[in-house]
Amino acid sequence: MSTSALLQTRDLACVKDDRVLFEGLDLDLEPGRILLVEGRNGSGKTSLLRILTGLSLPESGEVLWQGVPIGEAGPEYYEQVTYVGHHDGLKRDLTALENLRLAQAMGKPSDLDLDQVLERVNLYRFGDNFVSTLSAGQKRRLALARLIATEAQVWIMDEPFTSLDKASMALFQELFEQHLQQGGVIVLTSHHDIEMPDQDVLRLDLSA
């Protein structure tokens, strides 16, 4: 067992509809590591991400935060995790700013002012707009803005580049690089190529 790993899994198994999606999964993610989870549809990619966040329970095995099972670590772990699922998870009847304030209330706010957060993701002019009026790409950028609106070491993302153009993808890959350089951990699924030449991207193929 790696003593320096932030996030680990031990003998992790997931069963869905009486079908084993994966089993015996051991991971050690140290500060500054990124894991790309790959595999065909139905192979368990989203299930694994949800287990890592604590939103779902594994069939067997455990997830560890700094050597402690996440169920025992409790709030100490959950405030260190920001999860952006395949769906944006935004409140359509709230403004962009109100959605970010809600995210901060549920996590640990970062040092960035929310206007700065919106500016970083090219949404500064849309802070007072209701989410229901935003385009698909704008909604996705707002969902991903939670990554920098809150202070968490672990970023877990399911298809983060959905609905993003190339410029926005490059923007967020730059933010991912910065997070890793600061000792963060990233776990994500993506059908898009990850272009971070300065990073050694770990790959886990659940179809193998």
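Summarised in this report is the structure supplied together with it.

The rules behind these values
Residues numbered from 1 in each chain as written. Predicted model: local features only at pLDDT ≥ 70, side-chain atom pairs only at ≥ 80, totals over all residues. Heavy atoms only, no water. Helix = DSSP H or I, 4+ residues; strand = E, 2+ residues; numbered from the N terminus. Rg over C-alpha atoms; globule rule 2.2 N^0.38 Å. Buried < 20%, exposed > 50% of the residue type's maximum accessible area, 1.4 Å probe, protein only. Contact = heavy atoms within 4.5 Å. Areas by Shrake-Rupley, 256 points an atom, 1.4 Å probe, with all protein chains shown as cover. Lys, Arg positive; Asp, Glu negative; His and termini not counted. Charge placed at Lys NZ, Arg CZ, Asp CG, Glu CD. Core = buried A, V, L, I, M, F, W, Y, C linked by side-chain atoms within 4.5 Å. Pairing = 2+ DSSP bridges. Axes fitted to C-alpha atoms, helices over the stretch in contact; angles between N-to-C directions.

**Some points on the overall build of the chain**
Then, in step 1: Each helix and strand in the chain was counted, giving seven helices and nine strands.
Then, in step 2: For 208 residues, the compact-globule estimate of 2.2 N^0.38 gives 17 Å, and the C-alpha radius of gyration of the chain, at 17 Å, lies within 12% of that figure.
Then, in step 3: Principal-axis analysis of the C-alpha atoms gives the chain an extent of 50 × 35 × 30 Å.
Then, in step 4: Expressed as a percentage of its 208 residues, the buried residues of the chain come to 51%.
Then, in step 5: Here the contacts in the chain between residues at least 6 apart in sequence split such that 68% fall between residues at least 24 apart.
Then, in step 6: For the chain, the exposed surface amounts to about 10,500 Å²; the carbon and sulfur share of it is 45%.
Then, in step 7: Charge separation in the chain, taken as the distance between the mean sites of 19 positive and 32 negative side-chain charges, equals 7 Å.

**Looking at the nonpolar core**
Then, in step 1: Core analysis: the biggest nonpolar cluster contains 37 residues, and Leu100, Leu142, Met157, Phe172, Phe176 and Ile186 have the highest contact counts within it.
Then, in step 2: Residue assignment for this core shows that the elements contributing at least two residues are strand 3 (34–38), helix 4 (96–106), helix 5 (114–120), helix 6 (136–149), strand 7 (154–158), helix 7 (166–181) and strand 8 (185–189).
Then, in step 3: Per-element accounting of this core gives the leading share, seven residues, to helix 6.
Then, in step 4: Every residue in contact with Ile186, bar those within four places of it in the chain, is listed here: Arg33, Ile34, Leu35, Trp155, Met157, Phe176, His179 and Leu180.

**Focus on the sheet that holds strand 9 (residues 201–205)**
Then, in step 1: Spatial strand order, 6-7-8-3-9: five strands in an open sheet with parallel pairing. Two strands lie at the open edges of the sheet, namely strand 6 (81–84) and strand 9, each paired on one side alone. Each strand of the sheet is rotated relative to its neighbour by a mean of 15°, with strand direction disregarded.
Then, in step 2: In this structure, strand 3 lies alongside strand 8, joined through four bridges in parallel fashion. Note on strand 8: the bridge partner recorded for Leu35 is Val187.
Then, in step 3: Its contacts with the sheet place helix 6 against strand 6 and strand 7, and it is angled at close to 170° to strand 6.
Then, in step 4: Sheet strands in contact with helix 7 are strand 3, strand 7 and strand 8, and its direction is about 150° off that of strand 7.

**Let's talk about the environment of Leu64**
Then, in step 1: Position of Leu64 among the secondary structure elements: in strand 4 (residues 60–65).
Then, in step 2: Looking at Leu64, the relative accessible area reads 3%, which means it is buried.
Then, in step 3: C-alpha separation for the pair Leu64 and Asp28, spaced 36 residues apart in sequence, amounts to 9.4 Å.

**Quick notes on the pairing of strand 4**
Then, in step 1: Of the strand pairs in this sheet, strand 1 (residues 7–16) and strand 4 are connected by five bridges, and their pairing is antiparallel. Looking at the pairing, Leu7 lines up with Trp65 of strand 4.
Then, in step 2: Examined bridge by bridge, strand 4 and strand 5 (residues 68–69) share two bridges and lie antiparallel to one another. When the sheet's bridge partners are listed, Leu64 is paired in strand 5 with Pro69.
Then, in step 3: With antiparallel pairing between neighbouring strands as the criterion, strand 4 and strand 5 make up a hairpin whose turn holds two residues, including Gln66 at a positive phi of roughly 50°.

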